[in-house]
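Secondary and tertiary structure notes
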Amino acid sequence: MSHATLTPKSRSSLRGATLPKWFPWAVAAGATAAGLGISAAAGLNSSIQWALIAVVLFVGGTYAISARIEGGRQAKDRVATSMVWVAFLLALIPLLSLIWETVKQGVKVLDGYFLTHSMGVVADSEPGGGIYHAILGTLEQVGLATLFSVPVGVLTAIYLVEYGRGRLAKAVTFFVDVMTGIPSIVAGLFILSLWVLILDMGPSGIAGSFALCILMIPVVVRSTEEMLKLVPNELREASLALGVPKWRTILKVVLPTSIGGIVTGVMLAVARITGETAPVLLLVWGTDFINANPFQDPQESLPMYIYLQYNAGSDPAYDRAWAAALTLIAFIMILNLVARGIARWKAPKTGR
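Residues numbered from 1 in each chain as written. Predicted model: local features only at pLDDT ≥ 70, side-chain atom pairs only at ≥ 80, totals over all residues. Heavy atoms only, no water.

The next subject is the UniProt feature "domain: ABC transmembrane type-1" (unreviewed entry) in the protein. The sites that carry the UniProt feature "domain: ABC transmembrane type-1" (unreviewed entry) are, in the present numbering, residues 135-339. Taken end to end, residues 135-339 comprises 80% helix and 0% strand; its first and last C-alpha atoms sit 21 Å apart. (UniProt positions renumbered as here; feature names shortened; annotations may be inferred. Helix = DSSP H or I, 4+ residues; strand = E, 2+ residues; numbered from the N terminus.)

Below is the structure:
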């Protein structure tokens, strides 16, 4: 009995024709040039119009050429890939535009003096001043919110994953889901009615921290819960089989295994509350002077500073608002980079 053997030449013939790897880039360049040409010929001045024309030509040209050379199935695959890239670019364009505009406008007054001085006696219509009091207030308010939220969130997640059974666990999960969707203004109104109106404590940084806690706790609970669920049950069972109590198993085995993901979730939650304005507007009020005591009197924060400077309506105030916005974006970006670094550093090692 003879067996047929496929040679490399016969295998390549079975695969059929294939377009080169640079084909999508060539079609994209041709579609861009054609879109610009059609827009110029039709007298279209909007960049959005020629971009839409280029997208249509890119997708249509990809399908037409690929269907003729590679076949209908491969053409459909290329069209799907092209649509994914187009969607990615559409999502990336506003983000890059926002960053570019913020950097371009923010660097006008962003310097060492701006970061180390407060507004003090500088009027909103006058040049000068800085955001030191706003940075200090943001760090204290977010720090206190983190100090209150992380233990509550982590312990709640441990209860739901390790101990939670029955109606109580279902009720806690339900309320955590509800808190996840609470608008920041609602959290601010709740603390305003309780802390300021009923207890008559007055505006302060700690009041804003309480409102930020309401927004931060569900994020910490959800992220920690998912990280704890990723810990293999074999690790728990091995520890329990050695006679180790459950609380010690959680402390010495479960938490160290998932600490990277937990810290990442906490950092992302911190980044989420750093830019909140509504609770600060209701509870902290803001001030032009340095107030290092978050437990007494109004305090400033970066989101509140941006809001007040923008409402001032003068050119120097606009420049200060853009510089403060750039500082806030840089702060949040640093937090995200730190979270990614910790996640990579604490990720479980694979291989031998």
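A separate point is the nonpolar core. The biggest cluster of nonpolar side chains holds 39 residues, and the ones touching the most others in it are Met216, Leu228, Ile273 and Leu283. Counting residues per element, the ones that place at least two in this core are α6 (132-163), α8 (184-198), α9 (205-229), α11 (246-274), α12 (278-283) and α14 (315-345). Here Met216 is in contact with Ala145, Thr146, Ser149, Val150, Val266, Ala269, Val270 and Ile273, once residues within four sequence places are set aside. (Core = buried A, V, L, I, M, F, W, Y, C linked by side-chain atoms within 4.5 Å. Buried < 20%, exposed > 50% of the residue type's maximum accessible area, 1.4 Å probe, protein only. Contact = heavy atoms within 4.5 Å.)

Let us look at the environment of Leu44. Along the chain, Leu44 falls in the loop between α2 (23-42) and α3 (47-69). Linking Leu44 and Leu160, residues 116 residues apart in sequence, is a C-alpha distance of 59 Å. Here Leu44 is in contact with Ser39, Gln49 and Ile53, once residues within four sequence places are set aside.

If you walk through the whole model with that rule in mind, you get five aromatic pairs. Plain terms: the ring middles of Trp85 and Phe88 are 5.9 Å apart, the flat faces sit at 90 degrees to each other, and that makes the pair edge-to-face. Taken together, the residues Trp85 and Phe88, both in helix α4 (residues 72-106) and three residues apart, mark about one turn of the helix. Residue class for Trp85 comes out exposed when judged on its relative accessible area of 52%. Geometrically, the ring pair formed by Trp195 and Phe210 is edge-to-face, given 5.1 Å between the ring centres and 70 degrees between the ring planes. Separated by 15 residues along the polypeptide, Trp195 in helix α8 and Phe210 in helix α9 bring together distant segments of the chain. The ring of Tyr163 is capped by Lys246, whose NZ or CZ atom sits 4.8 Å from the centre of that ring. (Phe/Tyr/Trp six-rings, centres within 6.5 Å; stacked < 30°, edge-to-face > 60°. Lys NZ or Arg CZ within 6 Å of the ring centre and 35° of its normal.)

This next bit is on a nonpolar patch on the surface. A contiguous nonpolar patch, built from Leu95, Ile99, Val103, Val107, Met333 and Leu337 and spanning about 490 Å² of accessible area, is present on the exposed surface. Among the elements that take part in the nonpolar patch, α4 stands out by supplying three residues, more than any other. By secondary structure assignment, the location of Ile99 is in helix α4. (Patch = residues over 30% accessible without salt bridge, like charges linked within 9 Å, V, L, I, M, F, W, Y side chains within 5 Å. Areas by Shrake-Rupley, 256 points an atom, 1.4 Å probe, with all protein chains shown as cover. Salt bridge = Lys/Arg side-chain N within 4 Å of Asp/Glu carboxyl O.)

Taken domain by domain, the protein comprises domain 1 (17-106) and domain 2 (132-346). When each unit is reduced to the centre of its C-alpha atoms, the spacing between domain 1 and domain 2 is 40 Å. Buried area between domain 1 and domain 2, both sides added, is near 540 Å², and the carbon and sulfur share of it is 80%. When the area that domain 1 buries against domain 2 is broken down by residue, the three leading residues are Thr102, Gln105 and Gly106, summing to 71%. (Domains from an automatic or database assignment. Buried area = accessible area lost by both parts, 1.4 Å probe.)

Here the focus is the UniProt feature "transmembrane region" (unreviewed entry) in the protein. The positions UniProt marks with the feature "transmembrane region" (unreviewed entry) are residues 21-42, 48-67, 79-100, 142-161, 173-198, 204-221, 253-273 and 321-343. Secondary structure across residues 204-221 comprises 94% helix and 0% strand; the distance between its end C-alpha atoms is 27 Å.

Time to look at unusual backbone geometry. Its identity is not glycine, yet Trp285 carries a phi of approximately 75 degrees, on the positive side. You can see Trp285 is positioned in the loop between α12 and α13 (302-312). A relative accessible area of 51% means that Trp285 is categorised as exposed. Even without being a glycine, Asp297 presents a positive backbone phi close to 70 degrees.

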